[in-house]
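One-letter residues, chain by chain:
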Amino acid sequence: MTGADERVDLGPLRRDYGRATLRRSDLHPDPVEQFRCWFEEAVEANLLEPNAMVLGSVNGQRPSARTVLLKAFDARGFVFFTNTNSRKAQEIAAHPAVSLLFPWYGLERQCIILGRAERISLGDALAYFRSRPQGSRLGTWVSQQSRMISSRQVLEDQWRAITERFRQGEIPMPPAWGGYRVIPEELEVWQGGLHRLHDRFRYRRNGDTWLIERLAP
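Residues numbered from 1 in each chain as written. Predicted model: local features only at pLDDT ≥ 70, side-chain atom pairs only at ≥ 80, totals over all residues. Heavy atoms only, no water.

> Sorry, what's going on with the pattern of salt bridges here?
Side chains that differ in sign of charge can pair as their charged atoms come close. By the definition in use, this model includes 16 salt bridges. Of the charged contacts in the structure, one is a salt bridge between Arg200 and Glu188, with a shortest N-O distance of 2.7 Å. Remark: Glu188 occurs in strand 7 (residues 177-191) and Arg200 occurs in strand 8 (residues 199-206); sequence separation between them is 12 residues. Arg200 sits in the partly exposed class, given a relative accessible area of 21%. Salt bridges sharing partners connect three or more residues here, namely Arg23, Asp199 and Arg214. (Salt bridge = Lys/Arg side-chain N within 4 Å of Asp/Glu carboxyl O. Helix = DSSP H or I, 4+ residues; strand = E, 2+ residues; numbered from the N terminus. Buried < 20%, exposed > 50% of the residue type's maximum accessible area, 1.4 Å probe, protein only.)

> Can you help me understand the packing of aromatic side chains in this one?
Each aromatic ring pair is characterised by the separation of its centres together with the angle its planes make. Within the structure shown, the criterion is met by 15 aromatic pairs. Three or more aromatic residues link up through ring pairs in this structure, and these residues are Phe35, Phe39, Phe73, Phe78, Phe102 and Trp104. (Phe/Tyr/Trp six-rings, centres within 6.5 Å; stacked < 30°, edge-to-face > 60°.)

> Please clarify how the nonpolar core should be interpreted in this entry.
In globular proteins that are soluble, nonpolar side chains generally tend to be buried together. Counting residues in each nonpolar core, the largest one holds 33 residues, and the members touching the most others are Phe35, Phe78, Phe102 and Trp104. Among the elements that take part in this core, helix 1 (residues 31-44) stands out by supplying five residues, more than any other. Setting aside anything within four residues of it in sequence, one finds Trp104 in contact with Phe35, Trp38, Phe39, Ala42, Leu47, Pro50, Arg109, Gln110 and Cys111. (Core = buried A, V, L, I, M, F, W, Y, C linked by side-chain atoms within 4.5 Å. Contact = heavy atoms within 4.5 Å.)

> So what exactly am I meant to see when it comes to the environment of Ala89 here?
Summarising the element assignment, Ala89 is placed in helix 2 (residues 87-94). Counting along the chain gives 89 residues from Ala89 to Gly178, while the straight-line C-alpha distance between them is 9.6 Å. When residues no more than four places from it in sequence are discounted, the contact partners of Ala89 are Asn83, Thr84 and Tyr180.

> What should I look at first to understand the pairing of strand 9 (residues 209-215) in this one?
Along any regular strand, the residues point their side chains to alternate faces of the sheet. Looking at chain direction, strand 8 and strand 9 are connected through seven bridges and run antiparallel. Bridge pairing links Arg204 to Leu211 in strand 9. Hairpin geometry of strand 8 and strand 9 is characterised by an intervening segment of two residues between the two adjacent antiparallel strands and by a positive phi of about 70° at Gly207. (Pairing = 2+ DSSP bridges.)

Right under this line is the structure:
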């Protein structure tokens, strides 16, 4: 049994990547279309939660990160939903620059998006809320996300109360819930390669067009 101050050497824990290569000629000129292609391949490969992404934000002094689920995307950007009183929502309100990371390990790929987050319309948020399963709609009322609670019992008690409250009729969308769209300014695609010679390309916005640059691994 090891102690907390005993060094754990993970050097031998390694693997080489060799599933594929990525060339400039393989890339779609539009980054959202390139993302769409890779996302569809991640879905077809039956990866666990292919729409899971690590959202990075900052409070002005230090960064924070958490996994959220991508719920829609198009040429306008990448959409996710959350409690609008949560830590990430508060950080976005103060500093809208964020990052998104899609870690598609099973395909030896990752995609990184840098951009600006903004609230989506109330109508769009409501339309998505109404499409969610009943349990998920109830859950948005139960959790005051990011706030300290004394025990799990608090959540379970609130669940029973909310379930009874909305036992009949439509479940309304909570006031403190909504969606955000990340408008991309940069998008990087990364394909693992042999001998750590990975293929990296960055799309960078240049007015109304996109520049594509190869980056060293």
